[in-house]
Structures are given as structure tokens and as C-alpha cells.
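# Descriptive analysis of the structure
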Amino acid sequence: MREAMTSLRRRLGAMAAAAALAGCAVGPDHRTPPPPDALPDRFARDTLPPANGAPAEDAASAAFWRAFRDDRLDALVARALDANQDLRLALARYERALALGREAGFDRLPTVTAGGSARHARLSETEAQGRPRSAGSVGAAIQAGWEIDLAGRVRRHVEASRADAEAAGADAQALRTAIVGEVAGTYAQLRGLQARLRVARENAQAQQETLRLVQARLAGGRGTAFDEARARMLLEGTSSRVPALAAQIAVAQHRLAVLTGLPPGALIDELDAPGPLFALPPRPDAGTPAALLRRRPDVRAAEARLHAATARVGVASADLFPRVTLGAVLGSVAGGGSGLWRSASESNSAVLGIDWSFLDVGRVRARIEASQADAAAALAGYQRAVLAALESAENALARYDRTREEDAFLARAALDSEAALRLARVRLDAGSIDLLEVLDAQRAQLAAQDAWADSRTRAAQAAVALHQALAGGWPDAPAQAKAPVGAQTR
């Protein structure tokens, strides 16, 4: 046995010496494409100085949602990162890609296998012809095979597999970004809807009191049926907002539950209690477009796919060259186990195999052209991802700045509407105006308060979208997948 293993080591050493003679990998090498022509040093919509915000590079390492200072939001984000099913699916795909990359790496090494057999046969008297009727044998063999990577086919395959794993990791990171952004945005929507529902109910209560006043005045001969109809119409219109807002609140609660890996109704009790509207955080520094492209996980995923497609052009091109393999077999066959690996029972062989598809060059070139088309498509996908990243950043900056301006105007309008209603009631009591003006003031107050709650919601969502577009608040590497609760671990 010792002599057999020594012989195997000699043969493997010969394989290694042959592999050292392998040439360079064929096919194009991947290079990061240049940025779009005339990429500016500053975003076109970044016209305002940062409001004491952290630089974009610093913001990228911080959990941006904590700037809203809402413990419940922090808990929801933590649950989503731990239990969201879409994220678990993406992480499983990432781990699969890593495993396939490791498997591809083993193609650089010899493949060594071992096997054994045992045989027993009993012949008929006619077949035996005087020989022993029963005979048996045992055998064992060690086989080694190695492809000498002359044209770099294996190296390009390993390169493509690793790029696929990098793309899967960036995809998981992009999904993580999207999930956290959706949780924060949906939570902001929920709080805004609850504020609008509170406004509707408070206004309906005030309008109910106004209707009672109108009915009392009518009973005393100081009002008209027209006044009563107008007051009732205003009350019913306001009351109609309540069920629609309640339905939207339910949908937002269900969405948050599913995002955190729970059944839709699991968070109703927890989220039914209204919370305050978000205080808008300061705007982060947008940085430069070039820095943004380096941070965005979707851009990194697109470049990794381009890298993989480029490497596969080399895999296809390698078929234009001969594929050389070395093989070795060490075996032993004996009549019993005690005779295995003795010198008399050993056998060995070495094989040099050459496989060349030069007679089928048309098919090979067709595969090369197909891989080149895939690479061209991946390049277009990368360029599209770059433009989409720049567009989303510009859009987010524009929306963020404009929604903050709108929020400031509507906040003052809501305060003014309250003051106007108070003055209208005072003047009604003094007899200087009629009831219609009070009803108009109530209608204006409802519209102003509802518009302000809606604008604060959109401003908070714009803040979330801006951090998403700037790729802020996300760690560089995707987290490892977590086993579901109750799953067995080793």
C-alpha cells in the first residue's frame, strides 16, 4: 500500500509540473467601465447647503432611521432585518452562490476518488470443466484526474462563479436597503394616516356641536333650514373620511407585519395606538455622484454581473484550444482481502487525454458570439443601473427639498386656520357674521390640518427615500442568513 501511495504522489507531482506550464487565460479581462460622459462633481438638484447633516460617507455607516427618534420604528426595522422572508430568500441565494464559487475553485485541483468491489461466482460443472466451481475476487482502486488549464477555461469559470457570488451578495444588500426603506416609509405613512384620522374625528366632533347649535337656533326661530342642511352636509362629508382612513391604516399595519415576518394581523394591537408625526431629520450631505456610484449596491451587483459575463466569454473561447487532461489509476485485484496491494496484485496506468473541438468550430464560435452578446447585455445593464442610481438621487433631492418647503407652509396654514375659526366663532356670537362663514372656517380648518398631516408624511417618506438613494445607513456586507425560529442547528 505504501508503494502504491508513493507512486500516486509521483504521478500527481508530474501533473503539477505540467499545470505549471499552462498559458494565460483567453478572453477579455474585466475592467470597470468608465463613468458616464460629463459626470458632474455635484448633483444638479443639490442646490441647498446641508442642514448640519453628516457627510454622505459618514451617513453610510449609520442607521439613518434612528434619526427619527422613534423606538417602535427601531424595533420594527430590527424585526424586519431578522425575519423578513424576502431577505432570507436573498441571503439563501447568496450562500448558494458562495457554495458554487467554492465548488468551482476545486476544479483547479486534481479530482481523487477511491472505490472497491467484491465478486463471487459459482460455475456449473459443464463450465468448470475440471476447474474449481467457486471463485471470488476483491478489488480496490484509486483514481486521479486533472484538467491542465492551458487556455484558462477553468480559471475563467472560477472567476465567473466568484463574480456571480459577488452579485448575489450585492443583490441581498440592495434588498436589505429596500426592505428597511419600505418599513420606515410604511411606518411614516401609518403615523400620518393616524394623524389625519385624528384630525377628521376632532373636526367631526366640532361640527357635530355646530350642528346642535344650528338646530337650537332653528328651534328658537333664529335660523333657517338651509343653515341646518349646510351644517349637516359638512358633518357627513367629514365623517365619510373616517372609514376610508381606517381602511388605509389597516393596510399599513398589515404590510408592516408581513415585512417583519409575521401574519398580517399580528401587529394590530401594537400599532393601533397613535404616535406623533415624525420630526424631520436634517438632510445628509449628498456627496458626489462618483462616490454615490461606489456605494450603491445595485450598481455593484450590475458590475459583478458584467464581470461574470466577461469571464464567460473566456470560458467559451477556451473551446478553440485543446483541452488536456491527465489521469492516473492505481488498482489492486486479489483473490482475498489479505492479498490487496501486494506487488503481485497491483496494477497502475497513466492517461494523457486531448479533446479538441476544432472540427466543430462553427458551434464553438456560435457559443463565443452568444457569450459576447451576454456581455454586451450586461454592460448595458450596468450603464442602466448607473443612470438609474443618478436619477433616483436627483429625484430624491428634489422631492426632499420641495416637501420640506411645502411642510413649512402647510404647518403655518394649519395654525392660521385654527386662529381663523376662533375669530369666526367670536364674531358669530357678536352677530357680525352669519353661520355660513363659521362653516366655511370649519371646512378650511379641516382641509389645512389634513393637508399638513399629509405633507409631513410625504416629507418623512422623502427623507427615507433620500437616504436610500444616497445609499446611506447600510453596512457594506450582507448579514448572514438566520435560521427560522425552531429550526435545528448544528
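Refer to the structure above for everything that follows.
Residues numbered from 1 in each chain as written. Predicted model: local features only at pLDDT ≥ 70, side-chain atom pairs only at ≥ 80, totals over all residues. Heavy atoms only, no water.

### What to know about the packing of helix 3 (residues 71–83) against helix 6 (residues 153–219)
Packed helices, taken two at a time, are described by the angle between their axes plus the distance between the axes. Viewed as axis vectors pointing N to C, helix 3 and helix 6 meet at an angle of 145°, and their least axial separation amounts to 10 Å. Considering how the two elements wind past one another, helix 3 and helix 6 form a crossing that is right-handed. When helix 3 is examined against helix 6, the residues Arg 72, Leu 73, Leu 76, Val 77, Ala 80 and Leu 81 are found in contact with a partner set consisting of Arg 176, Ile 179, Val 180, Val 183, Ala 184, Tyr 187 and Arg 191. (Axes fitted to C-alpha atoms, helices over the stretch in contact; angles between N-to-C directions. Helix = DSSP H or I, 4+ residues; strand = E, 2+ residues; numbered from the N terminus. Left-handed = near helix turned anticlockwise from the far one by under 90°. Contact = heavy atoms within 4.5 Å.)

### Describing the nonpolar core
Counting 60 residues, the largest nonpolar core has Phe 68, Leu 73, Val 183 and Leu 256 as the members making the most contacts within it. Residue assignment for this core shows that the elements contributing at least two residues are helix 3, helix 4 (85–105), helix 6, helix 8 (241–259), helix 10 (289–295), helix 11 (297–317), helix 12 (361–430) and helix 13 (435–469). When sequence neighbours within four positions are dropped, the list of residues in contact with Val 183 reads Leu 73, Leu 76, Val 77, Ala 80, Leu 256 and Leu 259. Within the second largest apolar cluster, 14 residues are counted, among which are Ala 204, Leu 211, Leu 439 and Ala 441. (Core = buried A, V, L, I, M, F, W, Y, C linked by side-chain atoms within 4.5 Å. Buried < 20%, exposed > 50% of the residue type's maximum accessible area, 1.4 Å probe, protein only.)

### Quick notes on the packing of aromatic side chains
The tally for this structure, following the rule as stated, stands at 1 aromatic pair. Plain terms: the ring middles of Phe 64 and Trp 65 are 5.7 Å apart, the flat faces sit at 80° to each other, and that makes the pair edge-to-face. For the pair shown, Phe 64 and Trp 65 are each scored as buried. (Phe/Tyr/Trp six-rings, centres within 6.5 Å; stacked < 30°, edge-to-face > 60°.)

### Some remarks on a nonpolar patch on the surface
Residues Leu 352, Ile 354 and Trp 356 make up a contiguous nonpolar surface patch of about 360 Å² in total accessible area. The residue Trp 356 is located in the loop between strand 4 (346–355) and helix 12 in this model. (Patch = residues over 30% accessible without salt bridge, like charges linked within 9 Å, V, L, I, M, F, W, Y side chains within 5 Å. Areas by Shrake-Rupley, 256 points an atom, 1.4 Å probe, with all protein chains shown as cover. Salt bridge = Lys/Arg side-chain N within 4 Å of Asp/Glu carboxyl O.)

### Some points on the side chain of Glu 394
With respect to the element layout, Glu 394 can be found in helix 12. We note that Glu 394 is buried and unpaired, the nearest opposite charge coming from Arg 45 at a distance of 5.2 Å. (Lys, Arg positive; Asp, Glu negative; His and termini not counted.)

### Some details on unusual backbone geometry
The backbone phi angle of Arg 69 is positive, close to 55°, even though this residue is not glycine. Within the fold, Arg 69 resides in the loop between helix 2 (56–59) and helix 3. Accessibility expressed as a relative area gives 77% for Arg 69, which makes it exposed.

### A closer look at the pattern of salt bridges
Scanning all chains against the criterion turns up 26 salt bridges. The salt bridge partner of Glu 147 is Arg 323, with a shortest N-O separation of 3.8 Å. Here Glu 147, found in strand 2 (residues 134–148), pairs with Arg 323, found in strand 3 (residues 323–334); they are 176 residues apart in sequence, far enough to count as distant. Judged by relative accessible area, Glu 147 falls into the buried class, the value being 18%. Taking relative accessible area as the criterion, Arg 323 reaches 30% and is therefore assigned partly exposed. Across the pair Asp 164 and Arg 312 runs a salt bridge whose closest N-O atoms are separated by 2.3 Å.

### Observations regarding the environment of Arg 212
By the secondary structure assignment, Arg 212 is in helix 6. On the basis of relative accessibility, which here comes to 42%, the residue Arg 212 falls in the partly exposed class. Through-space distance from the C-alpha of Arg 212 to that of Ala 231 is 9.2 Å; in sequence the pair is 19 residues apart.

### Observations concerning empty space enclosed by the protein
According to the stated counting rule, one finds 2 cavities of 30 Å³ or more in the structure shown. Size it by volume and the second largest cavity reaches roughly 60 Å³. The wall of the second largest cavity is formed by Glu 147, Ile 148, Asp 149, Leu 150, Ala 151, Gly 152, Arg 153, Ala 318, Asp 319, Phe 321, Pro 322 and Arg 323. Across the lining of the second largest cavity, the residue classes break down as 6 nonpolar, 1 polar and 5 charged. (1 Å grid on protein atoms, 1.4 Å probe; cavity = no way out; pocket = protein on both sides within 12 Å on 5 of 7 lines; lining within 4 Å. Points joined across faces, edges and corners; volume = space filled by probe spheres on them. Nonpolar A, V, L, I, M, F, W, Y, C, P; charged D, E, K, R; others polar.)

### A word on the environment of Ala 141
Positionally, Ala 141 belongs in strand 2. Between the C-alpha atoms of Ala 141 and Gly 116, which are 25 residues apart in sequence, the distance is 6.3 Å. In contact with Ala 141, not counting residues within four places along its chain, are Thr 113, Ala 114, Gly 115, Leu 330 and Gly 331.

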